[in-house]
Amino acid sequence: MTASAPGAVGAPDLPEAPDPTAPRPRTTPVKIKLDRGEIVLRTVSYVSVTVFTIFCALPFLLILSASVSDEAVIMKEGFGLFPKGFSLEAYEFIFRYPRAIAGSYAVTIIMTVAGTAIGLFIIAMTGFALQRRDFAYRNYISFFIYFTTLFSAGLAPTYLWVTQVLGLKGSYLAVFLQLLMTPWLIILMKNFARSVPWEMVESGKMDGAGDFRIFWQLAFPMLKPALATVGLFLALGYWNEWYLSSLYLGSAVEFKPLQYYLYNVINTANALKNSVAGANVTVTQLPTNTLKMASAVVATGPIVLLYPFVQKYFVSGLTVGAVKG
């Protein structure tokens, strides 16, 4: 039996294959016509958000303009939204020792990244374990963690414990370990972990999965909103830390964390200004006021520049589990 040739009498017409090189027809977007109420609502919302954004941006603009203003003009006229007598003297004072400022940035970045990653992992495991029904001592441990938020041993016993018992005086671990976990973040993670269905844990056990595998493959992906929130608190805690560095590091380390380094720069400038004023010696005026603003720009600049790149991950983490309409 021979197949009928295309176009022969009685042969079915086969559809022609589309040409992949042919341009696709353009589709005209459908415009949805809004009624008057929706237009008014959107207009009010856009105006409100714009005004709120301007009010939030004004302090940053004031800090930036003051950091590049002249110290003498600032002392006479005060701060403004626009630079007064453009000067980079404050930044020159901060970056006078490039190796020191680069080392401070490196120490702060390493501690922030490592501390946030390790802290998130430990806090997530702790919070997930404290809400499991099959953990017999979860209430006792939860009470012990909560008890530490009400009563603290104080500065002196903590300092003696870190320096004498642990022997961490002059070590970065004295700062790193104390910021790794906090009772409040553990309680926050525990409350988030309650949203993990217990049936999922039981199904993992029935399939032969261990406790760590249940946590890592089943529970951990469902904790993304909590991880985003707790991770933000941990990162800000490490980045803005200076008090513990002043207690345990001091001059024992070559490179100090960024905030503590800028704190020392401001104190040094104030001390020099006071000593010069007391000795009645005429020297170039030190940029003490603009130096504070420049230090704020140096400290927050990397975070502001990095935020647009990590914003989508943070927002996606917060919206995981949201109900779709």
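Figured I'd write up the structure that's included with this text. (Residues numbered from 1 in each chain as written. Predicted model: local features only at pLDDT ≥ 70, side-chain atom pairs only at ≥ 80, totals over all residues. Heavy atoms only, no water.)

1. Regarding the layout of surface pockets
Here's step 1: If you add up the space inside the second largest pocket, you get close to 530 Å³.
Here's step 2: In terms of lining residues, the second largest pocket is bounded by 18 residues, among which Thr158, Trp161, Gln178, Met181 and Pro183 are the most central.
Here's step 3: Listed by contribution, the elements that provide at least two residues to the lining of the second largest pocket are helix H6 (155–165) and helix H7 (173–176).
Here's step 4: The greatest single-element share of the lining of the second largest pocket, amounting to four residues, is contributed by H6.
Here's step 5: A per-class count over the lining of the second largest pocket returns twelve nonpolar, six polar and no charged. (1 Å grid on protein atoms, 1.4 Å probe; cavity = no way out; pocket = protein on both sides within 12 Å on 5 of 7 lines; lining within 4 Å. Points joined across faces, edges and corners; volume = space filled by probe spheres on them. Helix = DSSP H or I, 4+ residues; strand = E, 2+ residues; numbered from the N terminus. Nonpolar A, V, L, I, M, F, W, Y, C, P; charged D, E, K, R; others polar.)

2. A few points about helix H9 (residues 198–206)
Here's step 1: Along H9, the positions that sit buried rather than exposed are Trp198, Met200, Val201 and Gly204. All buried residues of H9 fall inside an arc of 160 degrees around its axis, so they share one side. Those residues of H9 that are exposed and angled more than 90 degrees off the buried face are Glu199 and Met206.
Here's step 2: Its buried side turned inward, H9 meets helix H4 (98–130) and helix H10 (211–219). (Buried < 20%, exposed > 50% of the residue type's maximum accessible area, 1.4 Å probe, protein only. Arc of directions from axis to C-beta. Contact = heavy atoms within 4.5 Å.)

3. With respect to empty space enclosed by the protein
Here's step 1: As enumerated under the stated definition, the model contains one cavity of 30 Å³ or more in all.
Here's step 2: Every residue lining the largest cavity is listed: Thr108, Met111, Thr112, Val175, Tyr238, Glu241, Ser245 and Pro257.
Here's step 3: Taken together, the residues of the lining of the largest cavity sort by class into four nonpolar, three polar and one charged.

4. Concerning the nonpolar core
Here's step 1: By size, the foremost hydrophobic cluster in this structure holds 23 residues, and its most contacted members are Ile123, Phe128, Met189 and Val230.
Here's step 2: Elements represented by at least two residues in this core include exactly H4, helix H8 (183–193), H9, H10 and helix H11 (224–239).
Here's step 3: Grouped together as the second largest cluster of nonpolar side chains are 18 residues, Ala90, Phe93, Tyr105 and Val265 included. (Core = buried A, V, L, I, M, F, W, Y, C linked by side-chain atoms within 4.5 Å.)

5. A word on the packing of H8 against H11
Here's step 1: The geometry of H8 relative to H11 is characterised by a closest axis approach of 10 Å and an angle of 170 degrees between their N-to-C directions. As the angle between them shows, H8 and H11 are arranged roughly antiparallel. The segment H8 lies against H11, with Trp184, Leu185, Leu188, Met189 and Phe192 engaging Ala226, Leu227, Thr229, Val230, Phe233 and Leu234. (Axes fitted to C-alpha atoms, helices over the stretch in contact; angles between N-to-C directions. Parallel < 35°, antiparallel > 145°, perpendicular 65-115°, else oblique.)

In short, shape yes, function no, at least from these values alone.
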